[in-house]
Amino acid sequence: MHLKIHENYESLSRQAANEIIALMKQKPEAVLCLASGDTPRLAYSLMTKMAKDEKIDFSRCTFIGLDEWMGIPPDNEGSCHYFLRRHIFEPLNISNDRIRLFDALSTDQKGECKKMDKTIIEKEGIDLMVVGIGMNGHIGFNEPGASVEGYSHVVDLDAATRTVGQKYFREHTLLTSGITLGLGHMQEARKVILVANGTKKADIIRKALEEDVTPVVPASLIRKHVNAYVMLDREAGSLLTAK
Ligand code: GLP
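Presented here is a report on the structure given in the accompanying data block. (Residues numbered from 1 in each chain as written. Predicted model: local features only at pLDDT ≥ 70, side-chain atom pairs only at ≥ 80, totals over all residues. Heavy atoms only, no water.)

### Brief notes about the packing of helix H1 (residues 9–26) against helix H2 (residues 41–53)
Point 1. Following both chains from N to C, one finds H1 and H2 inclined at 50 degrees, their axes separated by 8 Å at the closest point. Viewed along their axes, H1 and H2 adopt a mutual orientation that is oblique. Between H1 and H2 lies a crossing whose hand is right-handed. Here H1 contributes Tyr 9, Glu 10, Ser 13, Arg 14, Ala 16, Ala 17, Asn 18, Ile 20 and Ile 21 to the contact with H2, which in turn contributes Arg 41, Leu 42, Ala 43, Tyr 44, Leu 46, Met 47, Met 50 and Ala 51.
Point 2. A class-by-class count of the residues in the contact of H1 with H2 yields 12 nonpolar, 2 polar and 3 charged. (Axes fitted to C-alpha atoms, helices over the stretch in contact; angles between N-to-C directions. Helix = DSSP H or I, 4+ residues; strand = E, 2+ residues; numbered from the N terminus. Parallel < 35°, antiparallel > 145°, perpendicular 65-115°, else oblique. Left-handed = near helix turned anticlockwise from the far one by under 90°. Contact = heavy atoms within 4.5 Å. Nonpolar A, V, L, I, M, F, W, Y, C, P; charged D, E, K, R; others polar.)

In structure tokens form, the structure reads like this:
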């Protein structure tokens, strides 16, 4: 795992954006899994702008969804679907046949997970995952205690995730379970980038990077990945002792 503490949020976002663009130049048929959330928002806006300016072709790549709130329809502004459409797929003009997201309204949850796992195998794995970190150390919806080798699954959300998740929604929304790729997918991805910014993430970043590697803090598992890059701003890295 490689760690870089950037001067500010813009600088870390720019590096993350550069990494996505560099991969697209090198491998236009890449399989990308880009998290939703507040943290990578600027990286995606810089990335889509660079893609337009430099005429980067995203038409052959595949987008895999990281996670989704179960029961929340794709047209709800708080859904991961909505976020990805608005911030990535629409600006890049990605056609639907290049997009594989979880169906959070499916009544066959196991089937939905199997379908996603099969897709990833058929696509020969994920080239790049960009993930954020939850306030409880989750990656996607791999909550504390998630299986280290697990693949797609449906999970009861932690109390912290249900509360923090309200920030994405216009009105109070019942959030009970989530569907997510597993930590096994993260371990098997060819490259992983974890982005975090702000003081509020400093303590969980310290736990993930400096305490035990344990599924109790799912993000700590990133330290076992040989091609993982953690990109922080100064605030998020402020409690690390070994800077
Ligand atoms: C959310 C999502 C994650 C996201 C994380 C951090 O609950 N399930 O995929 O990366 O928490 O979100 P944010 O970047 O808004 O802090």
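### What about the sheet that holds strand S9 (residues 191–196)?
Point 1. Across the sheet, 7 strands lie side by side as S1-S10-S9-S6-S2-S3-S5; this open sheet has parallel pairing. Two strands close off the open sheet at either side, each with one partner strand: strand S1 (2–6) and strand S5 (99–100). (Pairing = 2+ DSSP bridges.)

### Concerning the side chain of Thr 173
Point 1. With respect to the element layout, Thr 173 can be found in the loop between helix H5 (159–164) and strand S8 (177–180).
Point 2. For Thr 173, a relative accessible area of 12% corresponds to the buried category.
Point 3. Those residues in contact with Thr 173 that lie beyond four places of it in its chain are Ile 72 and Gln 166. (Buried < 20%, exposed > 50% of the residue type's maximum accessible area, 1.4 Å probe, protein only.)

### Section: the pairing of strand S10 (residues 228–233)
Point 1. Of all the 6 residues making up S10, 5 are buried; the element is thus mostly covered by neighbouring parts of the structure.
Point 2. Handedness of the β-α-β unit built from S9, helix H7 (residues 202–210) and S10 comes out right-handed. (Right-handed = clockwise from strand over helix to strand, strands pointing away.)

### Considerations on the site of the ligand
Point 1. Looking at the ligand, there are 14 residues lining it, with Thr 39, Asp 67, Lys 167, Tyr 168 and Lys 201 nearest.
Point 2. In this structure, Gly 132 approaches the ligand through a main-chain N or O atom, which is 3.4 Å from an oxygen atom.
Point 3. Between the ligand and the protein, one listed contact pairs a nitrogen atom with a backbone N or O atom of Gly 140 at 3.3 Å.
Point 4. Protein chains bury 95% of the 400 Å² of accessible surface belonging to the ligand in isolation. (Near = heavy atom within 4 Å. Polar contact = N/O pair within 3.5 Å; in protein donor to acceptor, adjacent residues only side chain to side chain. Areas by Shrake-Rupley, 256 points an atom, 1.4 Å probe, with all protein chains shown as cover.)

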